[in-house]
Amino acid sequence: MKKLGVINLGSTSTKVAYFEDDVCVFSDSISHPAEEIKQFATNWDQYDYRKKRIVEFFESKGVDIAKLDAFVSRGGHTEPIHGGVWRINRKMLEESRSMKYGNHVSDLGMRIAYDLAKDEHSAYIVDSPCTDEFEPLARYSGLPEMPRQSRFHVLNHKACGRAFCKDHGLDYGKVSLVVAHLGGGTSVAAHKNGKLIDGDNGLEGDGAFSTNRTGALPVGALVDACYSGEYTREQMHRKLNGLGGMMAYVNDNDVLSVYNKGLAGDKKCTEVIDAMVYQTAKSIGAMATVLDGKVDAVLLTGGIVHNDYIVDQLKKRVGFIAPVYVYPGEREMLSLGQQTYYALIGKEEVFEL
């Protein structure tokens, strides 16, 4: 039996799970209150704090970390790589620590997984956020110095695609899917034969707006705002990611709250949800054209698809493309644990930088 420790570091929480073979024995989330996190100037300064909480959690569950066959973390920021299971090695950690390719607390997660693993060959990541499987035409933006980048919810996208294929007896490496992740950020991607050949950059102004991100904006108006003198660079980035989308229109980024306000008679709240659905449907349609209209299924995933109204409205708009299937929430921890287990027993290849 293989025993695995799984960690997924977020800005205010750390998700932790323990697997025996491909079965999740337990999974939980460690909360990190804002008053505790704000004492650290950078993500890297949280190392001792986060590691201590993780170790304490496993100990409280009676899990001996020294006896784990592998530790796996959500990936961090490195040079672009393809999807799959990757061993965390020194080169990967050096690239992550350089912050050349970006920085998130998940970079710290890789470091902790590497240090907690029984040896330097037993720490892994799966479907890194730096996964880049775009086809050449997908990189064109209109300006050669600004190529489109593969940056979205890769881990949950692929986990959702694999879950659908398992449910229907299909091979993920032989299907064409359009997957839409609807959460704090929205990203829609075209999956072809196991590769993410095109997708929205749900982090930095691409595709549909979400609860607090703008998605794509009118470029001319954006340029004018940037040079208006009214906003600093940091303030503009905050408007794009954090204060944009639904938040900008109704001063609320909770979908259920906004939906209920709409039911109570607030027409603006109803309209902004309908607009978010409208834009998401347009992105799904766009990705269907990337696949030449040959789509086996449209998959909806992420926290927002717990809302039946949003799911029903999306089905009405995109159901003509292909059958629509719903996978609420996210399957990141399950994917991290299972794909690493398959790598340990030789069913998945392990890659290294």
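Basis of the calculations
- Residues numbered from 1 in each chain as written.
- Predicted model: local features only at pLDDT ≥ 70, side-chain atom pairs only at ≥ 80, totals over all residues.
- Heavy atoms only, no water.
- Helix = DSSP H or I, 4+ residues; strand = E, 2+ residues; numbered from the N terminus.
- Rg over C-alpha atoms; globule rule 2.2 N^0.38 Å.
- Buried < 20%, exposed > 50% of the residue type's maximum accessible area, 1.4 Å probe, protein only.
- Contact = heavy atoms within 4.5 Å.
- Lys, Arg positive; Asp, Glu negative; His and termini not counted.
- Charge placed at Lys NZ, Arg CZ, Asp CG, Glu CD.
- 1 Å grid on protein atoms, 1.4 Å probe; cavity = no way out; pocket = protein on both sides within 12 Å on 5 of 7 lines; lining within 4 Å.
- Points joined across faces, edges and corners; volume = space filled by probe spheres on them.
- Nonpolar A, V, L, I, M, F, W, Y, C, P; charged D, E, K, R; others polar.
- Core = buried A, V, L, I, M, F, W, Y, C linked by side-chain atoms within 4.5 Å.
- Pairing = 2+ DSSP bridges.
- Axes fitted to C-alpha atoms, helices over the stretch in contact; angles between N-to-C directions.
- Expected span 1.5 Å × (residues − 1).

**Q** Describe the overall build of the protein chain, and please don't skip the residues or the numbers.
**A** Within the protein chain one finds 12 helices and 12 strands. Since a compact globule built from 353 residues should have a radius of gyration of about 20 Å, the 20 Å found for the protein chain is in line with a globular shape. Reported as C-alpha extents along the three principal axes, the dimensions of the protein chain are approximately 55 × 50 × 45 Å. Burial analysis of the protein chain (353 residues in total) assigns 49% to the buried set. For the protein chain, the proportion of contacts with a sequence separation of at least 24, taken over those separated by at least 6, is 68%. Charge centroids of the protein chain, computed over 41 positive and 47 negative side chains, lie 1 Å from each other.

**Q** Hey, could you go over the layout of surface pockets for me, with residue numbers and the actual values?
**A** A water-sized probe rolled over the atoms picks out the places where empty space is left. Empty space within the largest pocket amounts to approximately 1400 Å³. Looking at the lining of the largest pocket, the elements that each hand over two or more residues are strand E1 (3-9), strand E2 (13-20) and helix H5 (154-167). Looking at side-chain class alone, the lining of the largest pocket contains 9 nonpolar, 24 polar and 8 charged residues. Of the pockets and cavities examined, the second largest pocket occupies roughly 1100 Å³. Around the second largest pocket, the lining comprises 23 residues; the ones closest to its centre are Met146, Glu204, Gly205, Leu222 and Leu240. Contributing elements (two or more residues each) for the lining of the second largest pocket: helix H6 (219-226) and helix H7 (233-240). Residue classes in the lining of the second largest pocket are distributed as 12 nonpolar, 7 polar and 4 charged.

**Q** Tell me about the nonpolar core, and please be specific about residues and values.
**A** Counting 33 residues, the largest nonpolar core has Ile284, Val298, Leu300 and Ile310 as its most contacted members. Going through the elements one at a time, strand E7 (176-182), strand E8 (186-192), helix H8 (246-250), helix H9 (255-263), helix H10 (267-290), strand E10 (297-302) and helix H11 (308-318) are the ones with two or more residues in this core. Among the elements that line this core, the one with the most residues is H10, at 9 residues. Among all residues touching Ile310, those that are not within four sequence positions of it are Leu182, Val255, Ile273, Met276, Val277 and Ile304. Core analysis: the next-biggest nonpolar cluster, separate from the first, contains 30 residues, Ile7, Ile30, Tyr47 and Phe57 among them.

**Q** How would you summarise the sheet that holds strand E11 (residues 324-328) if you had to cite specific residues and measurements?
**A** The strands making up a sheet are joined through hydrogen bonds of the backbone, oriented either antiparallel or parallel. Taken in spatial order, the 5 strands of this open sheet run E9-E8-E7-E10-E11, and their pairing is mixed. Either end of the sheet is taken by a strand with one partner, and the two such strands are strand E9 (195-199) and E11. Across the sheet, the axes of successive neighbouring strands diverge by a mean angle of 25 degrees, strand direction being ignored. Examined bridge by bridge, E10 and E11 share 5 bridges and lie parallel to one another. Paired with Gly302 across the bridge in E11 is Pro328. Set on the sheet, H5 makes contact with E7, E8, E9, E10 and E11; between it and E10 the angle comes to about 130 degrees. In this fold H11 packs onto E7, E10 and E11, with an angle of close to 155 degrees to the strand it touches most, E11.

**Q** Residue-level account of the sheet that holds strand E5 (residues 85-87), with values.
**A** Pairing is mixed in the open sheet, where 7 strands are placed in the order E3-E2-E1-E4-E6-E5-E12. What marks the edges here is a single partner per strand, and that holds for strand E3 (23-31) and strand E12 (350-351). The sheet strands contacting helix H4 (residues 105-116) are E1, strand E4 (70-73) and strand E6 (123-126), and the helix crosses E1 at an angle near 155 degrees. Relative to the sheet, helix H12 (residues 332-344) contacts E1, E2, E3, E4, E5, E6 and E12, its axis offset from that of E1 by approximately 140 degrees.

**Q** Got a sec to walk through H4? Specific residues and values, please.
**A** In this model H4 runs 17 Å from its N-terminal to its C-terminal C-alpha over 12 residues, within 8% of the 16 Å that 1.5 Å per residue would give. Taking burial as the measure, the 12 residues of H4 include 10 buried ones, the bulk of the element. Listed in full, the buried residues belonging to H4 are Val105, Ser106, Asp107, Leu108, Gly109, Met110, Ile112, Ala113, Tyr114 and Leu116. Tucked inside the fold, the buried residues of H4 contact E1, helix H2 (47-60), E4, helix H3 (90-98) and E6.

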